Amino acid sequence: MRYSTLKIIVTLLLSSYSIYTQAQEDIYKKIDPVYVFETTNDSIDMASNFYSFYDSLSVYFEEDTLYSTFDNEIIHYPKVDFSKKTDTTLIFLTDASKNSFFVNPNNGEITSRFGLRHRRYHYGTDINLETGDSVVSAFDGRVRVTKLSRSYGYLIVIRHLNGLESLYAHLSQINVVNDQLVKAGELIGLGGNTGRSRGSHLHFEIRYLGAPINPEDIINFEKRELISDKLYLTAYYFRYQKEIEKLKEARFHKIKSGESLGTIARKYHTSINSLRKLNHLKKSSLIRAGAKIRVR
Ligand SMILES: [Zn+2]
(Lines give C-alpha, C1' and ligand atoms only; values in the text may rest on other atoms or scores of the structure.)
Protein backbone atom coordinates (compact mmCIF):
# COMPACT_ATOMS: atom_id res chain seq x y z
CA MET A 1 0.00 0.00 0.00
CA ARG A 2 1.37 3.38 -0.96
CA TYR A 3 2.04 5.91 1.75
CA SER A 4 -0.46 8.45 0.31
CA THR A 5 -3.30 5.87 0.33
CA LEU A 6 -2.49 5.00 3.94
CA LYS A 7 -2.51 8.69 4.80
CA ILE A 8 -6.00 9.10 3.28
CA ILE A 9 -7.33 6.08 5.23
CA VAL A 10 -5.89 7.37 8.50
CA THR A 11 -7.31 10.86 7.88
CA LEU A 12 -10.75 9.38 7.12
CA LEU A 13 -10.65 7.25 10.26
CA LEU A 14 -9.64 10.19 12.42
CA SER A 15 -12.34 12.48 11.04
CA SER A 16 -15.08 9.86 11.46
CA TYR A 17 -13.89 9.36 15.04
CA SER A 18 -14.17 13.08 15.71
CA ILE A 19 -17.70 13.11 14.21
CA TYR A 20 -18.50 10.16 16.47
CA THR A 21 -17.18 11.87 19.63
CA GLN A 22 -18.96 15.10 18.66
CA ALA A 23 -22.21 13.12 18.42
CA GLN A 24 -21.48 11.55 21.81
CA GLU A 25 -20.93 14.98 23.31
CA ASP A 26 -24.23 16.19 21.86
CA ILE A 27 -26.04 13.29 23.49
CA TYR A 28 -24.23 13.98 26.73
CA LYS A 29 -25.31 17.61 26.56
CA LYS A 30 -28.91 16.54 26.13
CA ILE A 31 -29.12 14.14 29.02
CA ASP A 32 -26.86 15.68 31.62
CA PRO A 33 -28.25 18.42 33.83
CA VAL A 34 -25.90 21.34 34.00
CA TYR A 35 -25.80 22.75 37.47
CA VAL A 36 -24.36 26.12 36.58
CA PHE A 37 -25.40 29.48 37.84
CA GLU A 38 -26.02 31.48 34.75
CA THR A 39 -27.26 34.83 35.90
CA THR A 40 -28.56 37.63 33.79
CA ASN A 41 -27.82 41.20 34.84
CA ASP A 42 -31.36 41.48 36.13
CA SER A 43 -30.99 38.54 38.46
CA ILE A 44 -27.61 39.77 39.73
CA ASP A 45 -29.22 43.11 40.65
CA MET A 46 -32.09 41.29 42.23
CA ALA A 47 -29.86 38.86 44.11
CA SER A 48 -27.72 41.64 45.59
CA ASN A 49 -30.87 43.30 46.89
CA PHE A 50 -31.92 40.20 48.69
CA TYR A 51 -28.86 38.95 50.48
CA SER A 52 -30.35 39.99 53.81
CA PHE A 53 -33.55 38.39 52.73
CA TYR A 54 -31.86 35.03 52.31
CA ASP A 55 -30.91 35.20 56.00
CA SER A 56 -34.51 35.63 57.08
CA LEU A 57 -35.55 32.87 54.66
CA SER A 58 -33.15 30.40 56.24
CA VAL A 59 -34.50 31.32 59.70
CA TYR A 60 -37.99 30.56 58.43
CA PHE A 61 -37.04 27.12 57.21
CA GLU A 62 -35.33 26.31 60.49
CA GLU A 63 -38.60 27.08 62.26
CA ASP A 64 -40.89 25.39 59.71
CA THR A 65 -43.57 23.51 61.61
CA LEU A 66 -46.03 22.88 58.77
CA TYR A 67 -44.01 20.12 57.13
CA SER A 68 -42.37 17.40 59.20
CA THR A 69 -39.65 16.60 56.65
CA PHE A 70 -37.57 18.29 53.99
CA ASP A 71 -36.86 15.36 51.69
CA ASN A 72 -34.58 15.77 48.67
CA GLU A 73 -35.75 12.55 46.96
CA ILE A 74 -39.53 12.20 47.18
CA ILE A 75 -41.13 14.41 44.52
CA HIS A 76 -44.49 14.70 46.25
CA TYR A 77 -44.79 15.22 49.98
CA PRO A 78 -47.24 12.52 51.25
CA LYS A 79 -50.66 13.80 50.20
CA VAL A 80 -53.07 15.01 52.88
CA ASP A 81 -56.75 14.36 52.04
CA PHE A 82 -58.55 17.69 52.19
CA SER A 83 -61.71 16.64 50.33
CA LYS A 84 -63.65 16.57 53.62
CA LYS A 85 -61.93 19.64 55.08
CA THR A 86 -64.48 21.60 57.11
CA ASP A 87 -62.41 24.56 58.28
CA THR A 88 -60.65 27.37 56.45
CA THR A 89 -56.88 27.80 56.45
CA LEU A 90 -55.73 31.32 55.70
CA ILE A 91 -52.52 31.40 53.68
CA PHE A 92 -50.72 34.67 53.03
CA LEU A 93 -49.31 34.10 49.57
CA THR A 94 -47.19 37.23 49.74
CA ASP A 95 -45.70 39.08 52.68
CA ALA A 96 -44.75 42.72 52.11
CA SER A 97 -42.97 42.91 55.49
CA LYS A 98 -40.60 40.20 54.25
CA ASN A 99 -40.43 41.68 50.74
CA SER A 100 -41.96 38.42 49.58
CA PHE A 101 -43.98 38.52 46.37
CA PHE A 102 -45.19 36.47 43.40
CA VAL A 103 -43.55 36.29 39.96
CA ASN A 104 -45.10 34.37 37.05
CA PRO A 105 -42.83 31.33 36.40
CA ASN A 106 -43.01 31.86 32.62
CA ASN A 107 -45.14 34.22 30.54
CA GLY A 108 -46.15 31.74 27.83
CA GLU A 109 -49.74 30.86 27.02
CA ILE A 110 -51.58 28.02 28.73
CA THR A 111 -51.74 24.96 26.49
CA SER A 112 -53.32 22.47 28.90
CA ARG A 113 -55.26 23.00 32.09
CA PHE A 114 -55.49 21.26 35.45
CA GLY A 115 -58.11 18.52 35.28
CA LEU A 116 -59.24 15.30 33.71
CA ARG A 117 -57.25 14.34 30.63
CA HIS A 118 -58.59 11.23 28.94
CA ARG A 119 -58.61 8.62 31.71
CA ARG A 120 -55.88 10.27 33.80
CA TYR A 121 -55.76 13.34 35.94
CA HIS A 122 -53.52 16.27 35.02
CA TYR A 123 -52.35 17.91 38.26
CA GLY A 124 -50.76 20.99 36.73
CA THR A 125 -50.98 23.82 34.23
CA ASP A 126 -49.00 23.51 31.00
CA ILE A 127 -47.37 26.68 29.73
CA ASN A 128 -46.04 27.00 26.20
CA LEU A 129 -42.36 27.93 25.83
CA GLU A 130 -39.31 27.39 23.65
CA THR A 131 -36.48 25.15 24.84
CA GLY A 132 -33.99 27.41 26.60
CA ASP A 133 -36.55 29.98 27.82
CA SER A 134 -36.17 31.14 31.43
CA VAL A 135 -38.19 29.53 34.19
CA VAL A 136 -38.25 31.44 37.46
CA SER A 137 -39.41 30.63 40.98
CA ALA A 138 -43.00 31.75 41.59
CA PHE A 139 -42.44 32.56 45.27
CA ASP A 140 -39.56 32.81 47.73
CA GLY A 141 -38.47 29.44 48.99
CA ARG A 142 -35.98 26.66 49.32
CA VAL A 143 -35.22 24.09 46.62
CA ARG A 144 -36.33 20.69 47.89
CA VAL A 145 -35.87 18.40 44.86
CA THR A 146 -33.80 18.61 41.66
CA LYS A 147 -33.81 15.42 39.63
CA LEU A 148 -34.46 13.59 36.38
CA SER A 149 -37.75 11.72 36.46
CA ARG A 150 -39.02 9.39 33.76
CA SER A 151 -42.32 11.25 33.44
CA TYR A 152 -41.48 14.79 34.60
CA GLY A 153 -38.04 14.94 32.92
CA TYR A 154 -35.71 17.40 34.62
CA LEU A 155 -37.73 18.83 37.45
CA ILE A 156 -37.46 21.19 40.39
CA VAL A 157 -39.64 21.25 43.50
CA ILE A 158 -39.48 24.34 45.69
CA ARG A 159 -40.97 24.67 49.16
CA HIS A 160 -42.20 28.17 49.76
CA LEU A 161 -42.28 30.53 52.64
CA ASN A 162 -46.08 30.65 52.36
CA GLY A 163 -46.50 26.88 52.92
CA LEU A 164 -47.10 25.91 49.31
CA GLU A 165 -44.80 23.85 47.12
CA SER A 166 -44.35 24.46 43.41
CA LEU A 167 -43.10 22.02 40.78
CA TYR A 168 -41.47 22.83 37.42
CA ALA A 169 -41.12 19.95 34.93
CA HIS A 170 -39.78 18.99 31.46
CA LEU A 171 -36.84 21.41 31.86
CA SER A 172 -33.75 21.29 29.63
CA GLN A 173 -31.49 22.62 32.36
CA ILE A 174 -31.52 22.93 36.14
CA ASN A 175 -29.77 26.02 37.50
CA VAL A 176 -30.25 25.45 41.23
CA VAL A 177 -29.13 22.85 43.76
CA ASN A 178 -30.99 21.14 46.59
CA ASP A 179 -31.51 23.24 49.73
CA GLN A 180 -30.68 26.45 47.88
CA LEU A 181 -32.71 29.49 48.93
CA VAL A 182 -34.38 31.26 46.03
CA LYS A 183 -36.21 34.52 45.62
CA ALA A 184 -39.43 34.87 43.62
CA GLY A 185 -38.42 35.71 40.06
CA GLU A 186 -34.99 34.11 40.37
CA LEU A 187 -33.91 31.98 37.41
CA ILE A 188 -34.11 28.32 38.46
CA GLY A 189 -33.88 26.52 35.13
CA LEU A 190 -34.52 26.55 31.39
CA GLY A 191 -37.64 25.24 29.72
CA GLY A 192 -37.48 22.09 27.62
CA ASN A 193 -39.07 18.90 26.43
CA THR A 194 -37.60 16.21 28.71
CA GLY A 195 -39.54 13.30 30.20
CA ARG A 196 -43.00 12.36 28.98
CA SER A 197 -43.65 15.51 27.01
CA ARG A 198 -44.76 16.30 23.49
CA GLY A 199 -43.18 19.58 22.51
CA SER A 200 -41.42 22.12 24.71
CA HIS A 201 -43.55 23.31 27.59
CA LEU A 202 -43.48 23.95 31.31
CA HIS A 203 -45.62 21.69 33.48
CA PHE A 204 -46.29 23.74 36.59
CA GLU A 205 -47.87 22.41 39.79
CA ILE A 206 -48.87 23.98 43.09
CA ARG A 207 -49.35 21.76 46.12
CA TYR A 208 -50.26 22.29 49.76
CA LEU A 209 -49.10 19.50 52.09
CA GLY A 210 -48.77 17.29 49.03
CA ALA A 211 -52.32 17.91 47.79
CA PRO A 212 -52.51 19.51 44.33
CA ILE A 213 -54.27 22.83 43.87
CA ASN A 214 -55.30 24.11 40.45
CA PRO A 215 -52.69 26.84 39.75
CA GLU A 216 -55.42 28.82 37.97
CA ASP A 217 -57.36 28.96 41.25
CA ILE A 218 -54.66 31.23 42.65
CA ILE A 219 -52.84 32.70 39.62
CA ASN A 220 -54.21 34.73 36.73
CA PHE A 221 -51.69 33.65 34.08
CA GLU A 222 -52.97 36.18 31.52
CA LYS A 223 -52.43 39.12 33.86
CA ARG A 224 -49.33 37.41 35.32
CA GLU A 225 -50.49 38.11 38.85
CA LEU A 226 -52.11 36.46 41.84
CA ILE A 227 -55.91 36.44 41.97
CA SER A 228 -55.57 37.48 45.61
CA ASP A 229 -52.68 37.89 48.06
CA LYS A 230 -54.60 35.76 50.54
CA LEU A 231 -55.74 32.21 49.98
CA TYR A 232 -58.65 31.00 52.11
CA LEU A 233 -58.07 27.30 51.72
CA THR A 234 -61.24 25.21 52.00
CA ALA A 235 -62.51 21.88 50.65
CA TYR A 236 -63.58 23.86 47.55
CA TYR A 237 -59.97 23.85 46.29
CA PHE A 238 -59.98 20.04 46.46
CA ARG A 239 -63.35 19.54 44.77
CA TYR A 240 -61.58 17.73 41.91
CA GLN A 241 -61.03 14.76 44.22
CA LYS A 242 -64.71 13.82 43.78
CA GLU A 243 -64.12 13.72 40.03
CA ILE A 244 -61.18 11.37 40.61
CA GLU A 245 -63.30 9.12 42.85
CA LYS A 246 -65.88 8.89 40.05
CA LEU A 247 -63.12 8.06 37.60
CA LYS A 248 -62.10 5.11 39.78
CA GLU A 249 -65.63 3.74 39.47
CA ALA A 250 -65.65 4.17 35.71
CA ARG A 251 -66.65 1.09 33.72
CA PHE A 252 -66.24 0.55 30.01
CA HIS A 253 -68.12 -1.61 27.53
CA LYS A 254 -66.79 -2.93 24.24
CA ILE A 255 -69.44 -2.35 21.61
CA LYS A 256 -70.55 -5.46 19.72
CA SER A 257 -71.98 -5.32 16.21
CA GLY A 258 -75.71 -4.70 16.19
CA GLU A 259 -75.66 -2.84 19.51
CA SER A 260 -77.02 0.68 19.78
CA LEU A 261 -76.80 3.30 22.55
CA GLY A 262 -80.33 2.18 23.49
CA THR A 263 -79.45 -1.49 23.97
CA ILE A 264 -76.26 -0.59 25.88
CA ALA A 265 -78.17 1.85 28.12
CA ARG A 266 -80.74 -0.85 28.95
CA LYS A 267 -78.00 -3.40 29.67
CA TYR A 268 -76.33 -1.10 32.22
CA HIS A 269 -79.54 0.39 33.66
CA THR A 270 -78.70 3.89 32.47
CA SER A 271 -80.06 6.29 29.86
CA ILE A 272 -78.96 7.21 26.34
CA ASN A 273 -78.49 10.79 27.54
CA SER A 274 -76.09 9.93 30.35
CA LEU A 275 -74.10 7.69 27.97
CA ARG A 276 -73.80 10.64 25.58
CA LYS A 277 -72.67 12.91 28.42
CA LEU A 278 -70.08 10.47 29.79
CA ASN A 279 -68.58 9.94 26.35
CA HIS A 280 -68.94 13.48 25.00
CA LEU A 281 -71.13 12.21 22.16
CA LYS A 282 -73.33 14.47 20.06
CA LYS A 283 -76.77 13.37 18.87
CA SER A 284 -75.28 12.91 15.41
CA SER A 285 -72.33 10.83 16.69
CA LEU A 286 -72.26 7.23 15.55
CA ILE A 287 -70.91 4.35 17.60
CA ARG A 288 -69.05 1.49 15.99
CA ALA A 289 -68.47 -2.12 16.94
CA GLY A 290 -65.12 -2.77 18.63
CA ALA A 291 -64.87 0.71 20.21
CA LYS A 292 -65.04 1.16 23.97
CA ILE A 293 -67.73 3.23 25.56
CA ARG A 294 -67.87 4.44 29.16
CA VAL A 295 -71.05 3.20 30.83
CA ARG A 296 -70.53 4.38 34.42
ZN1 LIG B 1 -48.62 19.04 32.24
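These numbers come from a predicted model, not from an experiment.

**A short note on the overall build of the protein**
- Scanning the protein from terminus to terminus reveals 7 helices and 19 strands.
- Relative to its full complement of 296 residues, the protein shows a buried share of 28%.
- Within the protein, residue pairs in contact and separated by at least 24 positions form 67% of the contacts whose partners lie at least 6 positions apart.

**Digging into the environment of Leu 66**
- With respect to the helices and strands, the residue Leu 66 is situated in the loop between α3 (51-62) and β1 (89-92).
- Along the sequence, Leu 66 and Leu 209 sit 143 residues apart, while their C-alpha atoms lie 8.1 Å from each other.

**A few points about the nonpolar core**
- Formed by 25 residues in total, the largest nonpolar core has its most connected members in Val 135, Leu 155, Ile 156, Tyr 168, Leu 171 and Ile 188.
- When residues of this core are traced back to their parent elements, those giving at least two are β6 (134-136), β7 (141-149), β8 (153-160), β9 (164-171), β11 (181-182), β12 (187-190) and β13 (201-208).
- Broken down by element, the residue count for this core peaks at 5 residues, all from β8.
- Counting 15 residues, the second largest nonpolar core, distinct from the first, contains Leu 161, Leu 164, Ala 184 and Tyr 208.

**Description of the pairing of β13**
- Counting buried positions along β13 yields 8 of 8 residues, so the element is predominantly enclosed.
- Side chains of β13 alternate between two faces, with His 201, His 203, Glu 205 and Arg 207 and Leu 202, Phe 204, Ile 206 and Tyr 208 buried alike.
- Sheet topology note: the β9/β13 ladder contains 6 bridges and is antiparallel. Among the inter-strand pairings, Ala 169 is bridged to a residue of β13, identified as His 203.
- Relative to strand β14 (residues 211-213), β13 runs antiparallel, the two sharing 3 bridges. Its bridge partner being in β14, Tyr 208 is matched across the sheet by Ala 211.

**So, the sheet that holds strand β10 (residues 173-174)**
- Sheet architecture is open: 3 strands sit in the order β6-β12-β10, paired in antiparallel fashion. Of all the strands in the sheet, just β6 and β10 have a single pairing partner and so form its edges.

**With respect to the environment of Asp 95**
- By the element assignment, Asp 95 lies in the loop between β1 and β2 (110-112).
- Sequence separation of Asp 95 and Lys 230 is 135 residues, and the distance between their C-alpha atoms is 9.7 Å.

**A few points about the environment of Asp 133**
- Here Asp 133 lies in the loop between β5 (125-128) and β6.
- Taking the C-beta count within 10 Å as the criterion, Asp 133 has 18 such neighbours and is therefore assigned partly exposed.
- Counting along the chain gives 38 residues from Asp 133 to Leu 171, while the straight-line C-alpha distance between them is 9.5 Å.
- If near-sequence neighbours (up to four positions away) are discounted, Asp 133 is found in contact with Asn 106, Leu 190 and Gly 191.

Rules of the game
- Residues numbered from 1 in each chain as written.
- Predicted model: local features only at pLDDT ≥ 70, side-chain atom pairs only at ≥ 80, totals over all residues.
- Helix = DSSP H or I, 4+ residues; strand = E, 2+ residues; numbered from the N terminus.
- Buried ≥ 20, exposed ≤ 12 C-beta atoms within 10 Å, placed from the backbone.
- Contact = placed C-beta atoms within 7 Å.
- Core = buried A, V, L, I, M, F, W, Y, C linked by C-beta atoms within 7 Å.
- Pairing = 2+ DSSP bridges.

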